[in-house]
Every structure is written in structure tokens, then in C-alpha cells.
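Tertiary structure, described
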Amino acid sequence: MVVQTIQSVGLRMSYNKIFKFNIMEIIEKGQCGERVSYELYEDGTLKIFGVGEMYNYKYPTEDSPFTELCRKIKKVVVSLGVTTIGNSAFYYCDSLVSVELSNSITKIGDSAFCLCSSLLDIDIPNSVTEIKSSAFSNCKSLKVVNLGNSIVTLDSCTFIHCVSLVSVNIPNSVIEIRDKVFSFCESLRFVDIPDSVTKIGLEAFHQCYRLDTIKIGQNVVDIEHNAFDICNGLTNIIVDERNKKYSSEKGVLYNKSKSVLLKYPAQKSEPIFVVPDSVEVIGQKAFFKCKLLKRIKMTQKVREIEDNALGCCEGLRIVDIDGELEKIGTGAFDYCYNIISLSIASELSPILEDKLPSIVETVEIRVPKNSIHYYRAARGWNRFTNYVAIEDEN
């Protein structure tokens with residue numbers, strides 16, 4: 001009898017442990033799709049179950065049923081049969097720590113988990129083909145993202161302001177990384193862009209301060225403006241040698257022919273940089289915030305320095321331009337307050353889009369001897385007072 005009682009108690013304890021989820025008290029329940037329902041249990045677990053799509057919501061005008069429950073929801077479990085996570089479904093569920101998605105999910109909607117500031121990690125199953133705009137934006141505790149191998153597009157702002165994100169794998173199914181996907185992911189350190197990707201959108205990695213290395217696959221043909229802007233910790237950009245549109249050399253990003261210098265890593269440690277002989281254009285924001293750079297020498301083929309090309313290079317002291325430079329864009333030397341010498345071999349003064357306002361009037365401007373009078377009369381150049389003939393240098 002005693003043995004039977006002990007066995008009975010043991011079985012009951014095992015049963016309770018195994019089916020604890022089922023016997024837990026339901027504190028809220030309702031519908032979140034035509035054939036999709038939810039149950040919130042007393043331990044903070046929200047179960048989503050049924051067949052088909054969840055409803056789409058639009059915060060704050062069309063609140064999801066979870067808005068009022070947000071402080072109570074600690075965990076979300078989406079059962080097999082549910083195919084989508086609706087737009088703004090879990091918007092601002094700031095107590096949500098973990099999410100389990102079933103292999104029936106194919107789409108995660110706009111802002112679905114936006115501002116879930118306690119969410120720590122997420123595994124996206126292989127069934128998911130779409131992650132829509134801002135789906136995980138401002139998830140400030142999110143550290144690790146594992147993306148399934150069926151995702152085709154990372155939509156705009158998907159992980160923007162995920163400031164704790166350290167690691168993300170981009171699967172070989174992704175074709176496009178859209179605008180601002182990883183902007184302000186301040187803890188992200190390494191990105192490997194696979195061969196499947198063809199486009200990297202505007203400001204895709206903007207202000208990823210700790211990003212050290214970027215690897216770009218062979219099929220990327222479109223890198224939008226400011227894709228890697230203000231990545232202050234960047235030391236190395238590596239492009240697959242098979243890429244037909246872009247190339248890299250010593251960690252610097254160029255177009256394939258190396259006629260355009262596109263991006264010089266901001267944290268590259270060399271104080272002096274000599275632009276390769278092939279380069280004709282210094283691209284927009286190419287050297288932006290390269291604070292360790294003290295001297296740059298541009299060779300004879302350089303014809304244009306685009307807007308903000310050397311902006312905020314606070315350590316820059318000497319600029320040598322050997323070729324027949326034709327144009328200097330707006331803000332090309334903005335906040336370069338410490339330049340002491342600007343040498344230009346052009347006989348005709350380059351067109352200035354602005355008046356180089358950050359360079360002091362008394363800075364030494366070195367130009368060909370026979371061209372000094374042209375510079376002194378030219379728009380923008382006429383504000384400088386200390387012209388020195390290059391021939392008289394020695």
C-alpha cells in the first residue's frame with residue numbers, strides 16, 4: 001500500500017511537471033485572427049494557436065489585444081498552424097523576454113516586436129520568407145539574432161536601434177538588405193554579407209560604432225549612399241575578388257576599376273594615406289570622421305572631391321593634391337579645423353561648391369607660382385591670404 005501510494009504520488013508529480021503549461025491558470029484569452037486565438041497564463045506565457053494569419057494592427061490607432069497586457073507578457077509561444085505575426089502585434093511589449101516561433105510562420109509583420117525592450121534573442125525559423133519594416137526595431141536588449149535560410153529581403157529598419165545586438169547571421173537566401181536595417185546597432189562587431197545579396201540599402205549600417213570588419217560577397221552590385229556611414233570603429237572592408245562592381249585594397253572600398261574611392265575605414269590606424277594612382281574621384285563621405293588620418297596625398301588622376309569627402313577629419317593636418325583637380329564639393333573639408341597646409345598642383349583653381357569655411361583664412365595654400373593670381377581672384381579661394389608658390393617650397 002505504501003509503495004503504491006509513493007508510486008501514485010510520483011506519477012502525479014511527473015504528470016503535473018509535464019503538463020504544467022496546460023494546468024496553469026488562464027488569466028486572459030481571446031481572438032487575434034479569424035481562426036487564431038490566444039491564451040495568457042499566470043506565469044506570463046502567451047500562447048498563440050489556431051490556423052492561418054494573425055490580424056494586423058496599427059499602433060496607436062488600432063491597438064492589438066496585447067497592448068493592455070504588455071506588462072504581463074513574459075514569453076510568447078506561437079503554435080504550429082499559425083502562418084503570420086501581425087503588424088504591430090506585440091508593439092511595446094516591454095516585459096517580453098523570449099519568443100518561440102513555429103515552423104508554420106512565413107511572415108513577421110511591420111513593427112511586430114517593435115520596442116520589446118526586454119527581448120534577449122530570437123530564432124527565426126526556416127519557414128519565414130518575409131520580415132517586414134521595423135519588425136524588431138528598438139529592441140534594446142536583443143543580443144543575438146538567428147535568421148532562417150528562407151528569408152529573401154531584410155526590410156527597412158528591421159533591427160534599427162537594437163543597441164545591444166552583437167551577432168547576426170545573414171543567410172545565403174537574402175537578396176536585398178534595405179535602408180537602415182542595422183542602423184544604430186552600436187554593439188555589432190562583424191558583418192559577413194553573403195554571395196546571395198545584390199543590394200545594400202541607404203544607411204544600412206549607419207552608426208554601427210563598434211563594427212570592425214565588413215565582408216562583401218561577390219554579387220553585390222549596389223551599395224547605397226552612406227551604407228557604412230559613421231562606423232567609427234571600422235578598420236577593414238573586404239570585397240570578394242569575384243565581385244564585378246566593387247573591390248577592396250588594404251581594407252579600403254573602391255569601385256571595380258579603382259577609379260572611385262568609396263570608403264576609407266574610420267578607425268584605420270595609418271596616419272598617412274596615399275591615394276592609388278587609378279583614383280579619379282574621392283567619393284561622398286569617403287573619409288568622413290577618419291580622426292586618425294593626419295596626411296593625405298592625392299595623385300595626378302584625381303579630378304573631383306565629392307561632398308563631405310573628408311568631413312570631420314579632426315586630425316588631418318596636410319593635404320597634397322598632385323593632379324589637375326577640377327571640383328571640390330560642399331562640405332568636403334567640414335570641421336577639418338587643424339589643416340595647416342593645402343597643396344594643389346592645378347594651374348586653374350578648382351570649382352568650390354562652398355568656401356571651405358572650416359579651413360582658416362591664414363592656412364598655407366600651395367599652388368603653382370604662375371597661378372597664384374588666379375586663385376586670389378577666384379570665388380571662394382579669394383578669402384585665403386597665405387599663398388605660397390609650390391616651386392619655392394625648397
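Residues numbered from 1 in each chain as written. Predicted model: local features only at pLDDT ≥ 70, side-chain atom pairs only at ≥ 80, totals over all residues. Heavy atoms only, no water.

The next point concerns the confidence of the model for the protein chain. For the protein chain, mean pLDDT is 92; residues scoring 70 or higher make up 93% of the total. Confidence drops under pLDDT 50 across residues 1-21; counting only partners more than four residues distant or on other chains, this segment forms four contacts. (pLDDT = per-residue confidence, 0-100. Contact = heavy atoms within 4.5 Å.)

Strand order in the open sheet formed by five strands is β1-β2-β3-β4-β6, with mixed pairing between adjacent strands. A single partner strand is all that each edge strand has here, and the edge strands are β1 (26-33) and β6 (98-100). Ignoring which end each strand starts from, the neighbouring axes of this sheet average 15 degrees apart. In the sheet, strand β4 (residues 75-78) pairs with β6 via three bridges, with the strands oriented parallel. Within the sheet, the bridge partner assigned to Lys75 lies in β6 and is Ser98. (Pairing = 2+ DSSP bridges. Helix = DSSP H or I, 4+ residues; strand = E, 2+ residues; numbered from the N terminus. Axes fitted to C-alpha atoms, helices over the stretch in contact; angles between N-to-C directions.)

So, on to unusual backbone geometry. We note that Leu115 has phi near 65 degrees; this positive angle belongs to a residue other than glycine. By the secondary structure assignment, Leu115 is in the loop between β7 (107-108) and β8 (121-123). Given the relative accessible area of 22%, Leu115 is considered partly exposed. Even without a glycine there, the phi angle at Glu203 is positive, about 55 degrees. Along the chain, Glu203 falls in the loop between β15 (199-200) and β16 (213-216). (Buried < 20%, exposed > 50% of the residue type's maximum accessible area, 1.4 Å probe, protein only.)

Okay, the pattern of salt bridges next. Note on pairing: side chains with opposite charge can pair once their charged atoms come close. Under the definition given, this model contains 17 salt bridges. When the shortest N-O distance is used, the salt bridge between Lys180 and Glu203 registers 3.9 Å. One end of the pair, Lys180, is in the loop between β13 (176-177) and β14 (190-193); the other, Glu203, is in the loop between β15 and β16, with 23 residues separating them in the sequence. Given the relative accessible area of 30%, Lys180 is considered partly exposed. Relative accessible area serves as the criterion here: at 17%, Glu203 is assigned to the buried category. Note that Arg242 is salt-bridged to Asp240, the shortest N-O span being 2.8 Å. Each of Glu130, Lys132, Asp155, Glu176 and Arg178 takes part in salt bridges that share partners, so that together they form one network. (Salt bridge = Lys/Arg side-chain N within 4 Å of Asp/Glu carboxyl O.)

So, about the packing of aromatic side chains. For any pair of aromatic rings, the description consists of the separation of the ring centres together with the inter-plane angle of the planes. Going through the model one piece at a time under the given rule, you end up with 16 aromatic pairs. Taking the centre distance of 5.0 Å and the plane angle of 75 degrees together, the rings of Tyr38 and Phe66 count as edge-to-face. You can see Tyr38 sitting in strand β2 (residues 36-41) and its partner Phe66 sitting in the loop between β3 (45-50) and β4, a full 28 residues away along the chain. Taken individually, Tyr38 and Phe66 each receive the classification buried, so the pair is uniform in this respect. Connected via pairs of aromatic rings, a cluster forms that spans Tyr38, Phe66, Phe90, Phe113, Phe136, Phe159, Phe182, Phe205 and Phe228. Over the ring of Phe49 we find Lys47, and its NZ or CZ is 5.5 Å from the ring centre. Lying over the aromatic face of Phe288, Lys285 brings its terminal NZ or CZ to 4.5 Å of the ring centre. (Phe/Tyr/Trp six-rings, centres within 6.5 Å; stacked < 30°, edge-to-face > 60°. Lys NZ or Arg CZ within 6 Å of the ring centre and 35° of its normal.)

By the element assignment, Leu292 lies in the loop between β23 (281-282) and β24 (295-298). Its relative accessible area of 34% is what places Leu292 among the partly exposed residues. Counting along the chain gives 161 residues from Leu292 to Ile131, while the straight-line C-alpha distance between them is 38 Å. Sequence-distant contacts of Leu292, that is, excluding residues within four places in its chain, are made with Gln267, Lys268, Ser269, Glu270 and Pro271.

Judged by nonpolar contacts, the single largest core of 71 residues is most densely connected at Ile48, Phe90, Phe136, Phe182 and Phe205. The greatest single-element share of this core, amounting to three residues, is contributed by β2. The contacts of Ile48, once residues within four sequence positions are left out, are Cys32, Val36, Ser37, Tyr38, Met54, Phe66, Val76, Val77, Val78, Ser79, Val82 and Phe90. Among the nonpolar cores identified, the runner-up in size contains 44 residues, and Tyr254, Val363, Val367 and Ala389 belong to it. (Core = buried A, V, L, I, M, F, W, Y, C linked by side-chain atoms within 4.5 Å.)

So, about the environment of Arg379. With respect to the helices and strands, the residue Arg379 is situated in the loop between α3 (372-377) and β31 (386-389). For Arg379 and Glu353, which are 26 residues apart along the polypeptide, the C-alpha to C-alpha distance reads 9.7 Å. If sequence neighbours within four positions are ignored, Arg379 has contacts with Leu352 and Glu353. One polar contact links the side chain of Arg379 to the main-chain carbonyl oxygen of Leu352, over a distance of 2.7 Å. (Polar contact = N/O pair within 3.5 Å; in protein donor to acceptor, adjacent residues only side chain to side chain.)

Turning next to the sheet that holds β13. On the basis of which strands lie adjacent, the open sheet formed by seven strands has the order β5-β7-β9-β11-β13-β15-β17 and parallel pairing. Both outer strands of the open sheet, β5 (84-85) and β17 (222-223), are each paired with one neighbouring strand and no more. As judged from the two bridges shared by β5 and β7, these two strands associate in the parallel manner. The partner of Thr84 across the bridge, within β7, is Lys107.

So, about the environment of Val145. Relative to the helices and strands, Val145 is located in strand β10 (residues 144-146). Counting along the chain gives 23 residues from Val145 to Ile122, while the straight-line C-alpha distance between them is 5.2 Å. Apart from the residues within four sequence positions on either side, Val145 is in contact with Ile122, Phe159, Leu165, Ser167, Val168 and Asn169.

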